[in-house]
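# Fold and geometry: a report
Letter by letter, the chains look like this.
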Amino acid sequence: MKKLLKKSILYGFLLIISLEILVRVFYLGKDNPTRYLDQYEVEKWKPNQQGFSVTGNRRQNFSEYKINSSGFNSYREFTPTKDKVEIAIVGDSFIEGFHQDYFNSIGKKVEGLLPETEAYEYGYAGYDMADQLHLIYKYKEQFDAIDHVVIYIRFSDDLMRNTYTIVKDRLALESPINKALKKSKLLVYTKSIGVFTPIKQLISKIRGFVKGKTPKKKTSRLNEVNQEKDNEYIDNFKSLTSTYGYDKNRFVLLLDAKTTSPIFISYLKENHFDYIDFSEAFETSDQATTLIYDQHWNNHGRDIIATLISNYLRDK
């Protein structure tokens, strides 16, 4: 029995080592850039990092990222001046662009359509409206020198809070334990393809059972509840734009009107907030606009976004 146990442990160890080597040889595990909180309490990537982002269980998407000195994924540095024409594109992972080579980003596409313009992409996975306006406010001097600011917003989850606070859960990913675990490409890969998801779901269910929580039942007040939520999100938008300021002459929202509350769209129109709606362009496209395994925009979708932004700026 002892002999069998020793052999099992040895073979198990050798199997793990072999899989680790295979994952590294075929580059199945993504590189994880380091997050940090700067002196203005703005969360972003640690400057001057470079690596490869891998998505999908068979390396379905393999792209290179490059974090500039400002802490954002971009092929260029951000050096706005009053003498040049610049555009800032602010948002979450859709703008961050880890699903696309950094040298073929939305900003680079905009520059191709508007040769006299420099495009700066302030994208960071997880950003919501509070994060984005806090960033613009803290880097006011830099943003004041930028001619146009495009702010990407998803109504469903970007207006859930009315003030900025540090998101400790994201920064906790940089704990010593997590950093040590991320050194194993095999562990990074298995986590990215959802191997541990069923275990997490089981643990969550057990915790819920122990605490006596039961699934919420649907009620006949669904429409009323949705309207209450929409009104809450609009109030949060009002609070954030009032607290951090919002320059209607230079700022424009980028959104999908099909997935945005009609009440919010009406509010934007009535209060003269400009917005770029990409829903129709995506809907009428004869090609797919998102990745086959992911909701993020593919290269064609990014072409459309860049074209809409460029057309908007030409009309200003």
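Rules behind the numbers
Residues numbered from 1 in each chain as written. Predicted model: local features only at pLDDT ≥ 70, side-chain atom pairs only at ≥ 80, totals over all residues. Heavy atoms only, no water. Helix = DSSP H or I, 4+ residues; strand = E, 2+ residues; numbered from the N terminus. Buried < 20%, exposed > 50% of the residue type's maximum accessible area, 1.4 Å probe, protein only. Contact = heavy atoms within 4.5 Å. Areas by Shrake-Rupley, 256 points an atom, 1.4 Å probe, with all protein chains shown as cover. 1 Å grid on protein atoms, 1.4 Å probe; cavity = no way out; pocket = protein on both sides within 12 Å on 5 of 7 lines; lining within 4 Å. Points joined across faces, edges and corners; volume = space filled by probe spheres on them. Nonpolar A, V, L, I, M, F, W, Y, C, P; charged D, E, K, R; others polar. Expected span 1.5 Å × (residues − 1). Polar contact = N/O pair within 3.5 Å; in protein donor to acceptor, adjacent residues only side chain to side chain.

### Brief notes about the overall build of the chain
For the chain, the helix and strand inventory stands at 13 helices and nine strands. Classification of the 316 residues of the chain by burial places 44% in the buried group. Excluding contacts between residues fewer than 6 apart, the proportion of contacts in the chain whose partners are at least 24 apart in sequence is 69%. Looking at the chain as shown, the accessible area adds up to about 18100 Å², and 55% of this sits on carbon and sulfur atoms.

### Focus: empty space enclosed by the protein
Inspection of every chain in the model, using the stated rule, returns one cavity of 30 Å³ or more. Its volume calculated, the largest cavity comes out at about 40 Å³. In terms of lining residues, the largest cavity is bounded by Asn-73, Ile-95, Glu-96, Gly-97, Gln-100, Asp-101, Tyr-102, Ser-105, Ile-106, Glu-121 and Arg-302. Partitioning the lining of the largest cavity into residue classes produces three nonpolar, four polar and four charged.

### Looking at helix H13 (residues 299-315)
Taking 1.5 Å per residue, 17 residues should reach 24 Å; H13 reaches 25 Å between its end C-alpha atoms and fits that length. Of the residues making up H13, those classed as buried are Gly-301, Arg-302, Ile-304, Ile-305, Ala-306, Ile-309, Ser-310, Tyr-312 and Leu-313. Measuring from the backbone nitrogen of His-300 back to the side-chain oxygen at the start of H13 gives 3.1 Å, which picks out Asn-298 as the cap.

### Thoughts on the environment of Asp-38
Counting through the fold element by element, Asp-38 comes out in the loop between strand E1 (35-37) and strand E2 (43-45). Placed 33 residues apart in sequence, Asp-38 and Gly-71 show a C-alpha to C-alpha distance of 9.5 Å. Each residue touching Asp-38, except ones within four places of it in the same chain, is listed here: Lys-44 and Tyr-139. Within the structure, Asp-38 has its side chain in polar contact with the side chain of Lys-44 (distance 3.4 Å).

### Some words on unusual backbone geometry
Here Asn-48, not a glycine, exhibits a phi torsion of approximately 60 degrees, which is positive. Position of Asn-48 relative to the elements: it lies in the loop between E2 and strand E3 (50-55). Take Asn-48: its relative accessible area is 58%, and that puts it in the exposed class. Positive phi, close to 60 degrees, is recorded for His-272, a residue that is not glycine. As for its position among the elements, His-272 is in the loop between helix H11 (262-270) and strand E9 (275-277).

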